[in-house]
Amino acid sequence: MIATLSLLRTRFQEAVARAHGVEGADVLVLPASNPQFGDLQVNVALQLAKAVGKSPRAIAEGIVAELKLDEMCETPTIAGPGFINLKLKASYLDALVNASYADPRLGVAPAANPLRTVVDFSGPNIAKEMHVGHLRSTIIGDSIARISEFLGHDVLRLNHVGDWGTQFGMLIAFLRDTHPEALTDASTLDIGDLVGFYKRAKLRFDADEEFKERARREVVRLQGGDAESLYAWKLLCDQSRAAFEKIYQTLDIKITERGESFYNPLLPAVVTDLEAQGLLTESDGALCVFVEGFSNKEGNPLPLIIRKTDGAYNYATTDLAALRYRINEDKAKCIVIVTDIGQSDHFAQVFAVARLAGWLTEDVRVVHVPFGLVQGEDGKKFKTRSGETVKLSDLLDEAVVRARAHLDERLASEGREETEEFKTDLADKVGIAAVKYADLSANRGSNYVFSFDKMLALQGNTAPYMLYAYVRVQGIARKGGVDFASLAGLDNIHIAEPSERDLAKHLLELDDVLVKIAEDFLPSRLCTYLFELSQKFNHFYEACPVLNAAEPTRTSRLALADLTARTLKLGLSLLGISTVERL
Ligand code: ARG
């Protein structure tokens, strides 16, 4: 509806200018608060009262007398103190819906100014477990990337893997002790459980002073570019990468790895450039930038540490280098970083320093997209029964196993027989869809309670409910022997009944929702939209016979059902979820 709203805005501005001599009035066209009053509402008369010096009602009357909306709306009405209500003409609504139906993009125009966009998401750490927090980042980031891509932006999906830092000293020292042969022949190495390896190395590190010292020397060697150290480092990264890859495959995630190590050669310049600008302060031997507005719990100024006392760079230095690289080399105009909410201050400070240094300018939009904690059903941090962090691969496996159990139960209760192939494939898809949808449908800012039972329920704002709505439409076509493809592209749809009108208006709002998400990066908006779409479709289907209706109503309703299904399919695909034809 973006085009319609903008056209209405212009017509209102013209009417305001003619009636009251005010040019370029700030007109907001909003959905009507009560459908009884029509479809849309404009409050500009109330805003103009002061400037024009008349009662809002008189102003509204003046505007309405000058409005030229004949092809779009019924005669506008004035309500209350001066609200102008609009009802779209049936012919206009028909034209919009049919145009949408004929369009492979379903009426969503590509962005007028495509932007080079970086979406930095997932970001697991080498040799550490990819945990549920990384799952959230992965799913939310992927959806943001998909939506930006669909809107026509040029998106670079980046995996800022934690593949550098002092922990590698410890890991390499431990590798030398436990797998010395691997340092000359990588093929002999299969650590398998790299996380267990990390834990054992850490135990040793904490208990053994001599080992600790060796670990420190390994860090220095690695940072000095020693070939053998680099070989060992790469070995460890490769082992982790294989595990990450498997998860990305299961989740259907495309992402380019560009880890912390990539920016390593660029770190000294971050320091010298800040130094040259006089922005660095030495504090206890560490190099810091103080930015106004950041303070610690005690209210003292909180610096961003750029180089630690021992000369090591840190997470912040790398993020500054990454920001510079993305702006200068990648030519990004929009940079979105998806991490847990605990890193909000870090990014606010990094962005502030980059602004201060002049690296980040007005024409580049940087956004930290934070999300809340994943909690168990007990409201505590999400853990296994024995209190360990949940392995992502186990979690995804369990989702599929549970989806299969739900399916078997349902098939048994319906007395249906299906092939093993059908059941395996469906359980795979529904299990993963449920995990993704549950994550995306929750407002990302809040903590999120992970519940297999809720996410797999057939009722409610869940993936199964959404898939069911899609399948229901396909079922109508199967039952009626209808080929939806034969309906496309013709002006078949004529909106008549209230439930049809309600559904049609909602279908036309897809572009508004996607554009809003490109502003605030809340994919949950799309989930809400699709959930409401399914509900409105169900109301329509209850109120209006489809296959049993007489022509031309039958064809019109079939096309409306198909448009609903196509909207669901597109919407779900933007959440990284694929539809199924049967459930
Ligand atoms: N490795 C980080 C973590 O585990 C996420 C990286 C996010 N991206 C960034 N540019 N810092 O939380």
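Given the structure is predicted, the values throughout are model-derived calculations rather than measurements. (Residues numbered from 1 in each chain as written. Predicted model: local features only at pLDDT ≥ 70, side-chain atom pairs only at ≥ 80, totals over all residues.)

Caption draft 1: Fine view of the overall build of the chain. A tally of helices and strands in the chain yields 20 helices and 14 strands. With respect to the principal axes defined by its C-alpha atoms, the chain has extents near 85 × 70 × 40 Å. Counting over 583 residues, the chain shows a buried share of 38%. Long-range pairs, those at least 24 residues apart, make up 72% of the contacts in the chain between residues at least 6 apart in sequence. (Helix = DSSP H or I, 4+ residues; strand = E, 2+ residues; numbered from the N terminus. Buried ≥ 20, exposed ≤ 12 C-beta atoms within 10 Å, placed from the backbone. Contact = placed C-beta atoms within 7 Å.)

Caption draft 2: Region of interest: the sheet that holds strand β7 (residues 256-257). Spatially, 5 strands are ordered β7-β6-β5-β11-β12 in an open sheet, and the strand pairing comes out parallel. Two strands lie at the open edges of the sheet, namely β7 and β12 (365-371), each paired on one side alone. Across 2 bridges, the pairing between strand β6 (residues 154-159) and β7 is parallel. Looking at the pairing, Asn159 lines up with Glu257 of β7. Lying on the sheet, helix α5 (residues 132-150) is in contact with β5 (116-120), β6, β11 (334-340) and β12; it crosses β11 at an angle near 155°. (Pairing = 2+ DSSP bridges. Axes fitted to C-alpha atoms, helices over the stretch in contact; angles between N-to-C directions.)

Caption draft 3: Spotlight on the domain arrangement of the chain. In terms of domain boundaries, the chain breaks down into domain 1 (2-88), domain 2 (116-161 + 260-375), domain 3 (167-251) and domain 4 (392-574). Its C-alpha centre places domain 1 at a distance of 36 Å from the equivalent point of domain 4. (Domains from an automatic or database assignment.)

Caption draft 4: Main features of the site of the ligand. Looking at the ligand, the residues that line it are Asp120, Gly123, Asn125, His160, Gly162, Asp319, Ala322, Ile337 and Thr339. Taken together, the elements giving at least two residues each to the shell around the ligand come down to α11 (315-328) and β11. Among the residues making up the shell around the ligand, the classes are represented as 2 nonpolar, 5 polar and 2 charged. (Near = placed C-beta within 6 Å. Nonpolar A, V, L, I, M, F, W, Y, C, P; charged D, E, K, R; others polar.)

Caption draft 5: Here's a closer look at the nonpolar core. Ranked by size, the top nonpolar core spans 131 residues in total, and within it Ile63, Ala434 and Tyr437 carry the most contacts. Ranked by size, the runner-up nonpolar core spans 19 residues in total, among them Val161, Trp164, Val219 and Ala232. (Core = buried A, V, L, I, M, F, W, Y, C linked by C-beta atoms within 7 Å.)

Caption draft 6: Structural context of the UniProt feature "short sequence motif: 'HIGH' region" (unreviewed entry) in the chain. When the UniProt feature table is mapped onto this chain, "short sequence motif: 'HIGH' region" (unreviewed entry) is found at residues 124-134. Helix makes up 27% of residues 124-134 and strand 0%, whereas the separation of the span's terminal C-alpha atoms amounts to 6 Å. (UniProt positions renumbered as here; feature names shortened; annotations may be inferred.)

Caption draft 7: Spatial organisation of helix α4 (residues 90-102). Spanning 13 residues, α4 covers 18 Å between terminal C-alpha atoms, matching the ideal 18 Å at 1.5 Å per step. All buried positions along α4 are accounted for by Leu93, Leu96, Val97, Asn98, Ser100 and Tyr101. Here the buried face of α4 lies against α1 (2-20), α17 (498-507) and α20 (553-574). (Expected span 1.5 Å × (residues − 1).)

Caption draft 8: Expanded view of the pairing of β6. Bridge count between β5 and β6: 5 bridges; the pairing is parallel. Bridge pairing in β6 links Val118 to Leu156. For the crossover from β5 across α5 to β6, the handedness is right-handed. (Right-handed = clockwise from strand over helix to strand, strands pointing away.)

Caption draft 9: Region of the structure containing the sheet that holds strand β10 (residues 301-307). As summarised here, the arrangement of the 3 strands in space is β8-β9-β10, forming an open sheet in which the pairing is antiparallel. Looking at the sheet topology across the chains shown, the edges are occupied by β8 (281-283) and β10. Taking the axes of each pair of neighbouring strands and ignoring which way they run, one obtains an average angle of 55° across the sheet. The sheet contact formed by strand β9 (residues 286-295) and β10 spans 5 bridges and is antiparallel. Directly across from Ser295, in β10, lies its bridge partner Pro301.

Caption draft 10: Main features of the environment of Val390. Its location among the elements puts Val390 in the loop between β13 (374-375) and α13 (392-414). Look at Val390 and you get partly exposed, because 18 C-beta atoms sit within 10 Å. C-alpha of Val390 to C-alpha of Val132: the two residues are 258 residues apart in sequence and 7.3 Å apart in space. Those residues in contact with Val390 that lie beyond four places of it in its chain are Val132, Phe382, Lys383, Thr384 and Leu395.

Caption draft 11: Seen up close, unusual backbone geometry. Here Glu551 and Pro552 are connected by a cis peptide whose omega angle stands at 5°. Along the chain, Pro552 falls in the loop between α19 (524-543) and α20. In the Ramachandran plot, Ala127 falls in the positive-phi region, its phi being about 70° despite a non-glycine side chain. Relative to the assigned elements, Ala127 resides in the loop between β5 and α5. Look at Phe521: it is not a glycine, yet its phi comes out positive at around 55°. Position of Phe521 among the secondary structure elements: in the loop between α18 (510-520) and α19.

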